[in-house]
Every structure is written in C-alpha cells, then in structure tokens.
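# What the coordinates show
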Amino acid sequence: MRADLHSHSTASDGTCEPAEVMSRARRAGLDVIALTDHDTVAGHGPAAAALPPGLTLVPGMELSCRLDGHSLHLLGYLFDPAEPQLAAECAAIRSSRIDRARAMVARLEDLGAPVTWEQVTRIAGDGVVGRPHIARALAESGVVASPADAFGPEWIGAGGRAHVPRYALEPVRAITLVRGAGGVTVLAHPRAASRGWVVSDEAIARLASAGLTGIEVDHPDHDHEKREHLRALAAALGLVASGGSDDHGQLTGYRIGCDTISPENYQQLIAQATGAAPVSHRMA
Ligand SMILES: [Zn+2]
Ligand SMILES: [Zn+2]
C-alpha cells in the first residue's frame, strides 16, 4: 500500500486541478493521496467526485502558522470542515493572504518591477493568491529567470525588499483547533532549510506535548541524514513518522508519490481521527 499524505491543487498554489491531482496520483501507483491545500478545503469536493477506482482520498489542509516570527506549516487531516472555529480561522488566513499579496505587489511596483495585480490574479486563477503566483508573475515579466529566483532577499523571500508578513496561527492554537474538529496534525517539512530556518528539536517536543500527532519525515526537502534524525526524534517523542511529496504540479516537477508514509504509520495516524473518514471511489 502506497500513501502520499501531502499534495496541492489549484485550490491553493498547485498547477493541477483537484481532479487532475487524483488521476496523477493513481497513475503514480498510489493507493492513498491526501489533498492538503493551504488554508482551504475547497478542493476536497471536486477531488472526491473525480476519484479513480482504487484510490482513497484523505481530506486535509496545510495550515499557515508562525512560530517565533518564522513561518511554519502544519498539516491537518480528517477534521470536520464545518467545525465553526477552525473554518473561521481558515477564512481569516485566506483573506489576509489576499491583502498581503496586494501589499507585496504594491511594493514591487514601488521598486520598479513590471508586475500588476491583474497579472497575479490571472496566474492564480481560482486558487488562493499567494507568493508562488507573484513569483511566476516576476518570472513572466523577466524580472527573475525562474519563479524560484523571486524568493531571495532582492524580492519576496522572507525579509526581502518586497516581502510582507501576514496573519498566521500560533501552532499550539492550530493543533488545538484541528483536534477540536476531530482531526490529527502533522508538522510539515520541519527541516526544509531552503525555507530559511528549521524547527528545532526543542520546539518539536513542545508541539508534541501540545497534542501534535506526527512529523513529516519523508519529504523531498529532507536529505537522508535529516530523515534519520527526524525518524529517531519521532520515535522518542511518540510521534507518527509521516511522509509525502508536497507535489505542486508543474511548480515542483510533477513529483506526486515520490515520498510516502509506511502503511503501519498511516493506519496509526488515521486511527486517531474522528472528524471525517477517508473517501473511497464509489460506483454511481
Ligand atoms: Zn509547506
Ligand atoms: Zn505543502
């Protein structure tokens, strides 16, 4: 059984429609795929409707959090999406994302970069507007060679000239909210150094005592050494070692299924959730 517990669609900053993410997951030989768009559950309906036979969908979300001034991502799974407190916080994060994106585009304009809000929203399409869309606009306008180059101090990287921080949840509160909605939480890519900082072992231990269920060990941004360290840390703290591709379609080179969670750990993780159930293909 192969399960990838981290993927994005056009409901946030992925480049593939939710239905396309499902068909790509099946073609990649997966039995289970979690759709974990940033701060939204909007992709779950279209994904469930398009499930190919043999594929199970784990409804999830990647929540934007902030710890000690740094951005931190928390994956939530199998929570009740109608739970009012969690739904309200996600709506607040989504609307602040738009205000923040607008502010960054304004700063870029002040810096003389030829990007416009119309261009950024066109690139975002139906998705929640975010930095990846601004990065693509900067590349499209020839300001940077590739979208990845936009994430440096020159432009929209953390602390960059056109960077604007936004509303995010304190992670302990996010863990409590997801648990309150019957879900389980996994700390996303804690050692992805490309993001400018890493979550310390001490911070992970604090989150574990606050009710965190697992940590993402197998992730494309973690090398072998980091994975071994995190696997041992998870075992020591009683956390589930999870894994996923963090596929964003074209943006990440169509890597769905490149990292997975073991079948035993998957069962252990979902057994603790009560807010929703994994969705399987049903004959009409
Ligand atoms: Zn993330
Ligand atoms: Zn992600």
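Only a predicted model underlies this, so the values are computations on that prediction, with no experimental measurement involved. (Residues numbered from 1 in each chain as written. Chains lettered and ligands numbered in written order. Predicted model: local features only at pLDDT ≥ 70, side-chain atom pairs only at ≥ 80, totals over all residues. Heavy atoms only, no water.)

Quick look at the coordination of the zinc ion (ligand 1) now. Every protein donor of the zinc ion (ligand 1) is listed here as Glu62 (OE), His73 (ND1) and His189 (NE2), and their distances to the metal cover 2.0 to 2.1 Å. Spacing between the donor residues of the zinc ion (ligand 1) along the chain follows E-x10-H-x115-H. For the pair the zinc ion (ligand 1) and the zinc ion (ligand 2), the metal-to-metal distance amounts to 3.5 Å, and glutamate 62 bridges them. Taken together, the positions of histidine 73 in strand β4 (residues 70-77) and histidine 189 in the loop between β5 (184-187) and α7 (201-209) put the pair 116 residues apart, joining distant regions of the chain. For the pair histidine 73 and histidine 189, a shared accessibility class is recorded, and that class is buried. (Donors = N, O, S within 2.8 Å, 3.2 Å for Na, K, Ca; no water. Helix = DSSP H or I, 4+ residues; strand = E, 2+ residues; numbered from the N terminus. Buried < 20%, exposed > 50% of the residue type's maximum accessible area, 1.4 Å probe, protein only.)

Glancing now at the pattern of salt bridges. Summed over all chains, the structure comprises eleven salt bridges. For the salt bridge of arginine 122 with glutamate 140, the shortest nitrogen-to-oxygen distance reads 2.7 Å. Highlighted residues: arginine 122 in helix α4 (residues 117-124) and glutamate 140 in helix α5 (residues 131-140), separated in sequence by 18 residues. Judged by its relative accessible area of 46%, glutamate 140 is partly exposed. Arginine 231 is the salt-bridge partner of aspartate 218, the closest N and O atoms lying 3.0 Å from each other. With aspartate 218 in strand β6 (residues 214-218) and arginine 231 in helix α8 (residues 224-237), the pair connects residues that are 13 residues apart, well separated along the chain. Residue classification places aspartate 218 among the buried positions, given a relative accessible area of 14%. What makes arginine 231 partly exposed here is its relative accessible area of 32%. Each of Asp218, Arg227, Glu228, Arg231 and Asp259 takes part in salt bridges that share partners, so that together they form one network. (Salt bridge = Lys/Arg side-chain N within 4 Å of Asp/Glu carboxyl O.)

With that settled, consider the state of the cysteines. Per the counting criterion, the structure on display carries zero disulfides. Free cysteine: cysteine 90, not disulfide-bonded; nearest cysteine sulfur from cysteine 65 at 9.8 Å. Among the cysteines around cysteine 258, which has no disulfide bond, cysteine 16 carries the closest sulfur, lying 14 Å off. (Disulfide = S-S within 2.5 Å.)

The element β4 is extensively covered by neighbouring structure, given that six of its eight residues are classed as buried. In this structure, strand β3 (residues 56-67) lies alongside β4, joined through eight bridges in antiparallel fashion. Residue pairing in the sheet places arginine 66 in a bridge with serine 71 of β4. Connecting β3 to the antiparallel partner β4 that follows it, the hairpin turn spans two residues, and aspartate 68 within it adopts a positive phi of roughly 50°. Pairing geometry for β4 and β5, over four bridges, is antiparallel. (Pairing = 2+ DSSP bridges.)

Counting across every chain of the model gives zero aromatic pairs. Geometry around tryptophan 155 places arginine 161 over its ring, the cationic atom sitting 4.7 Å from the centre. (Phe/Tyr/Trp six-rings, centres within 6.5 Å; stacked < 30°, edge-to-face > 60°. Lys NZ or Arg CZ within 6 Å of the ring centre and 35° of its normal.)

Here the focus is α5. If you check which residues of α5 are buried, you get Pro132, His133, Ile134, Ala135, Ala137 and Leu138. The elements touched by buried residues of α5 are α3 (84-110) and α4. Following α5 by one or two positions, glycine 142 adopts a phi angle in the positive range, close to 80°. (Contact = heavy atoms within 4.5 Å.)

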